[in-house]
Amino acid sequence: MKLKTILAAALLAIGLSASAQTVIKFSHVVAADTPKGKASEFFAKKANELTKGKVKVEVYANSALYKDKEEMEALQIGSVQMLAPSLAKFGPLGVKEFEAFDFPFMFDDTAELHTITQGPVGAAMLAKLEPKGIKGLAYWDNGFKSFSANTPMKMPADYKGKKFRIQSSKVLEEQIRSIGGIAQVMAFSEVYQALQTGVVDGTENPISNFYTQKMHEVQKHLSITNHGYLGYAVIVNKKFWDALPADVRGQLEQAMKEATVYANKIAQEENDLSLAGVKKSGKTTVYEPTKEERLALKKAMAPVHIKMADRVGKETLQEFYKATGFDPAKL
Ligand code: LMR
């Protein structure tokens, strides 16, 4: 009798925990072996561990569920619960302050960037997503972008007339225009084919994205320009998040904290490994611009800061400039 009662209780507990399991669908557009791909898997594991199985995070990499624009809509209606879109994706959503991250040569290094993303300015920007039904949990690094194409790029004149795929961002559009290029907005999942078929001549991305999408197979030249930043905000559907039991939410916040440390630790390492991979492949010629060539690119792109200042708001830009010391007027 006693054994029966124990068994029944155990079965009930199993049944209960199985039915009480919360599933978080975490969708993203890049490969699993990128900084974002690895950090999302890390988070999934930690979340499961810390919630003792109450939460299961299912990670969908490589646009398996949604492409760039669709995934934001899916999050807002609750078809997926978690995303880590690039910061450029928030401008088209109407939160223009995020476009400050797209300004060329805004950050010299990760330390400058972290002053924003890990400080009060970054936190205030995430709070601006809440009226859109989105809760921002963290910033994850990827890295600095480089240009690729089928002809070498050293001086600004080398970019003239080339068609470059960009993310949907007015600032990035202006950046390409500043060097005489033609900007073509396109979903990330379509870039490889567009490069292969010549729909576009080139693109810009951190090397980890370039390499893991095999873009080096269809681009002859890569110029390590590090001209702009690409990173992420991890976001959740706010309604879903607020409805979680407080203890579970706390455990997930802890998992996110640890995943963020991990993400930001591996980002540069992953980009370095990818660069080594590109070089080893022998398919793309990697060029390191000289100091003079990089300065010429910086000068050519400086007017973007003036032209696009009103879009993101002077206040946000001033906060960024205070953190980075960048002064477009001095170039
Ligand atoms: C891109 O579209 O180039 C990036 O947003 C991809 C990513 O998420 O890193």
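In this text the structure is predicted, and so the values were computed from the model without any measurement.

Observations concerning the nonpolar core
- Core analysis: the biggest nonpolar cluster contains 48 residues, and Phe-90, Phe-98, Phe-101, Phe-107, Leu-129, Ile-235 and Phe-320 have the highest contact counts within it.
- Beyond its immediate stretch of four places on either side in the chain, Leu-129 contacts Phe-90, Leu-93, Val-95, Phe-98, Ile-134 and Ile-235.
- Val-29, Phe-210, Tyr-232 and Trp-241 belong to the second largest nonpolar core, which has 42 residues in total.

Examining the packing of aromatic side chains
- Scanning the model with the defined rule gives 14 aromatic pairs in all.
- Ring geometry for Phe-101 versus Phe-320: centroids 5.0 Å apart, planes at 80°, classification edge-to-face. Here Phe-101 is found in the loop between strand E3 (82-83) and helix H4 (110-117), whereas its partner Phe-320 is found in helix H14 (residues 314-324), with 219 residues between them in sequence.
- By relative accessible area, Phe-101 is classed as buried at 1%.
- Geometrically, the ring pair formed by Phe-107 and Phe-320 is tilted, given 6.0 Å between the ring centres and 50° between the ring planes. Here Phe-320 lies in helix H14 and Phe-107 lies in the loop between E3 and H4, a separation of 213 residues in the sequence.
- Accessibility expressed as a relative area gives 3% for Phe-107, which makes it buried.
- Chaining the aromatic ring pairs together yields one cluster made of Phe-90, Phe-98, Phe-101, Phe-107, Tyr-139, Phe-144, Tyr-229 and Phe-320.

Considerations on the packing of helix H2 (residues 35-50) against helix H10 (residues 246-281)
- At their nearest, the axes of H2 and H10 sit 8 Å apart, and the two run at 155° to each other. Judged by the angle between their axes, H2 and H10 are roughly antiparallel. By crossing handedness, the relation of H2 to H10 is classed as right-handed. In this structure, H2 uses Pro-35, Lys-38, Ala-39, Phe-42, Phe-43, Lys-46, Ala-47 and Leu-50 to contact H10, whose residues at the interface are Gln-251, Leu-252, Gln-254, Ala-255, Met-256, Glu-258, Ala-259, Tyr-262, Ala-263, Ile-266, Ala-267 and Glu-270.
- Of the residues belonging to the contact of H2 with H10, the class tally is 14 nonpolar, two polar and four charged.

Re helix H3 (residues 68-77)
- Here H3 has its buried residues at Asp-68, Glu-71, Met-72, Ala-74 and Leu-75. Looking straight down H3, one finds its buried side chains confined to an arc of 160°; they lie on one side. Facing away from the buried side of H3, by more than 90 degrees, are the exposed residues Lys-69 and Ile-77.
- Lining the buried residues of H3 we find strand E1 (22-27), E3, strand E4 (134-144), strand E6 (163-166) and strand E10 (229-237).
- Backbone geometry just after H3 places Gly-78 at a positive phi near 90°.

Quick look at empty space enclosed by the protein
- Taken as a whole and judged by the stated rule, the model has two cavities of 30 Å³ or more.
- Estimates place the volume of the largest cavity at around 90 Å³.
- As for the largest cavity, its lining consists of 15 residues, of which Val-29, Ser-86, Lys-89, Gln-167 and Phe-188 are closest to the centre.
- Where the lining of the largest cavity is concerned, the elements lending two or more residues are H3 and E10.
- Taken as a whole, the second largest cavity encloses approximately 40 Å³ of empty space.
- Residue lining of the second largest cavity: Ser-86, Leu-87, Ala-88, Phe-101, Asp-102, Gln-167, Tyr-229, Leu-230 and Gly-231, and that is the complete set.

Remarks on the sheet that holds strand E9 (residues 221-223)
- Here we have six strands laid out as an open sheet, ordered E7-E6-E8-E5-E9-E11, and mixed in their pairing. Two strands bound the open sheet, and with one partner strand each, they are strand E7 (182-185) and strand E11 (285-287). The mean inter-strand angle of the sheet, taken between neighbouring strand axes irrespective of direction, is 25°.
- Strand direction decides the pairing type here: E6 and E7, joined by four bridges, are parallel. Counterpart to Arg-165 in the pairing with E7 is Gln-184.

Basis of the calculations
- Residues numbered from 1 in each chain as written.
- Predicted model: local features only at pLDDT ≥ 70, side-chain atom pairs only at ≥ 80, totals over all residues.
- Heavy atoms only, no water.
- Core = buried A, V, L, I, M, F, W, Y, C linked by side-chain atoms within 4.5 Å.
- Buried < 20%, exposed > 50% of the residue type's maximum accessible area, 1.4 Å probe, protein only.
- Contact = heavy atoms within 4.5 Å.
- Phe/Tyr/Trp six-rings, centres within 6.5 Å; stacked < 30°, edge-to-face > 60°.
- Helix = DSSP H or I, 4+ residues; strand = E, 2+ residues; numbered from the N terminus.
- Axes fitted to C-alpha atoms, helices over the stretch in contact; angles between N-to-C directions.
- Parallel < 35°, antiparallel > 145°, perpendicular 65-115°, else oblique.
- Left-handed = near helix turned anticlockwise from the far one by under 90°.
- Nonpolar A, V, L, I, M, F, W, Y, C, P; charged D, E, K, R; others polar.
- Arc of directions from axis to C-beta.
- 1 Å grid on protein atoms, 1.4 Å probe; cavity = no way out; pocket = protein on both sides within 12 Å on 5 of 7 lines; lining within 4 Å.
- Points joined across faces, edges and corners; volume = space filled by probe spheres on them.
- Pairing = 2+ DSSP bridges.

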